[in-house]
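# What the coordinates show
Given next are the chains, with one letter for each unit.
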Amino acid sequence: MSRTSTILGKTHLVIDTGVAHPPATTIVERKGLGHPDTLADHLAERLSRAYSRYTVERFGAVLHHNFDKLALLGGASEVRYGAGRMTAPVRVLVNGRAAPMCGGERIPVEEIVEAEVRAFFARRLPEVSDHLDITFNITSNSSPGAVLTGDEVPDRTRWFNPRSIEDLRERRVRLSNDTSLGTGWAPENVFESFVRELVDHFSGESDFTLSHAWCGSDVKLMGYWDGEQADVVLCVPQKSRLVASRAEYTRNTESVLAECHRLAGLRLPGAQTRFRLNARDVPERDELYLTYTGSSIESGDEGVVGRGNRVNGLITPLRPMNLEGANGKNPVYHVGKLYNIAARRLAERLHEATDGHAEVHLVSTTGQRLDQPWRVLVRLSSPDAEVDKVQALVAQAMDEFPALTDELVSDGIVLS
């Protein structure tokens, strides 16, 4: 392995080349579209984008906000073969901050949020959409640092109550909101890609779910792969009103397993693959993954932003990763969102340029320029990567933050 250390602007850039390829052994998890943590992530991001679009259209800029502390508290349900109903609502705790005014004009924050919450559940879990209890915990309190020294109002107190968009410091220079870390790597191995595809196949819109309406979306997969063999634990719920008996439930599980093996044959040819489905089921006692809505959010489970899939859509403890919850963060200067997206994109470009494994870590310092991270660590398996080309790709990624914000606000980026 060789190392090059240089200063790029005010950034300390370290490039390691000839690093070892990741081992074949893989542990990977993915939570599907109906999993409570995924619901919380996707709803928080939807709120951020809706608020951002409103303020851009009305005032010409994304105003200060964050919805990344959102939480869902599960309701209660009654499940029977061929029937079911909600008996207590799902509680949506909208926790965060948002500027309620700009230049004296009111921003209808709660109206925007409520409309988005109801539209989200109407599409994602329609059985829940009429059983929601929305609690607004949205403030406009200023961040630390607004020290009073006289009669003057500190600029920082205007961040969430701007007189105009000129009070937004990021209009002049974008500074990191936090000391944090963004991590990315590429490429995925064949098993990681298979896990994403399989979970999406059962939790999203696919030929299988369109022809098997009983298939619920609260799918979760944990997989182990050694390069030749795969061992998979998979949970796929069924919707009770569409399952008339225990025997029918059992037949449906056989259909899921058959589909798993079919896809494994296509994506993991020649590999030995073992699937265990709904491992907690005790059929003789009718303890089954049978739900009214297709999600455990109906019956006491909770969902919290940041507990689900990382920005790349996977949870990979043997790969580099961090614990930032990107969804719902401000798309202008929150490094927990922007650096993770940028690191992943940069890793993919470096992989394409070097035809090898690439790993990127972007480390910010709070209050310093967003486009000048404190540290950038690039690790490449290629022993002969051209340093000047790597530096150029890093510089390109740092220049793209304004465009990255625009992509996020316009739904051009999907956070998985």
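Taken in spatial order, the four strands of this open sheet run β3-β13-β14-β16, and their pairing is mixed. Of all strands in the sheet, those bounded by a partner on one side alone are β3 (26-31) and β16 (272-277). Averaged over all pairs of adjacent strands, the angle between strand axes in this sheet comes to 15°, irrespective of strand direction. Summarising the sheet, strand β13 (residues 220-225) and strand β14 (residues 229-235) pair through six bridges and their orientation is antiparallel. Following the sheet pairing, G223 is matched in β14 by V232. Running at roughly 20° to β3, helix α3 (residues 190-203) makes contact with β3, β13, β14 and β16 of the sheet.

A word on the sheet that holds strand β20 (residues 375-380). Taken together, five strands build an open sheet; the order of strands is β1-β2-β20-β19-β12 and the sheet is mixed. Only two strands of the sheet have a single partner each, and these edge strands are β1 (2-8) and β12 (181-186). Within the sheet, the average angular offset between the axes of one strand and its neighbour, ignoring direction, is 10°. Here six bridges tie β12 to strand β19 (residues 358-363), and the two strands are oriented antiparallel to one another. Paired with T183 across the strands is H361, a residue of β19. The strands touched by helix α6 (residues 335-354) within the sheet are β12, β19 and β20, with β12 carrying the most contacts at an inclination of about 30°.

Let us look at the pairing of β16. Side chains of β16 alternate between two faces, with T273, F275 and L277 buried and Q272, R274 and R276 left unburied. Sheet topology note: the β14/β16 ladder contains six bridges and is parallel. Among the inter-strand pairings, Q229 is bridged to a residue of β16, identified as Q272.

In total, this model carries two cavities of 30 Å³ or more according to the counting rule given. When its volume is computed, the largest cavity comes out at roughly 230 Å³. Lining the largest cavity are 22 residues; nearest its centre among them are T183, R310, V311, N312 and N340. When residues of the lining of the largest cavity are traced back to their parent elements, those giving at least two are β12 and α6. Of the residues forming the lining of the largest cavity, the biggest block, three residues, is contributed by β12. When grouped by side-chain class, the residues that make up the lining of the largest cavity number seven nonpolar, eleven polar and four charged. Here the second largest cavity is characterised by a volume of approximately 60 Å³. If you trace the second largest cavity, you find it lined by A342, R345, R349, A397, E400, F401 and L404. Secondary structure elements with two or more residues in the lining of the second largest cavity: α6 and α8 (401-409).

Rules used throughout
- Residues numbered from 1 in each chain as written.
- Predicted model: local features only at pLDDT ≥ 70, side-chain atom pairs only at ≥ 80, totals over all residues.
- Heavy atoms only, no water.
- Pairing = 2+ DSSP bridges.
- Helix = DSSP H or I, 4+ residues; strand = E, 2+ residues; numbered from the N terminus.
- Axes fitted to C-alpha atoms, helices over the stretch in contact; angles between N-to-C directions.
- Contact = heavy atoms within 4.5 Å.
- Buried < 20%, exposed > 50% of the residue type's maximum accessible area, 1.4 Å probe, protein only.
- 1 Å grid on protein atoms, 1.4 Å probe; cavity = no way out; pocket = protein on both sides within 12 Å on 5 of 7 lines; lining within 4 Å.
- Points joined across faces, edges and corners; volume = space filled by probe spheres on them.
- Nonpolar A, V, L, I, M, F, W, Y, C, P; charged D, E, K, R; others polar.

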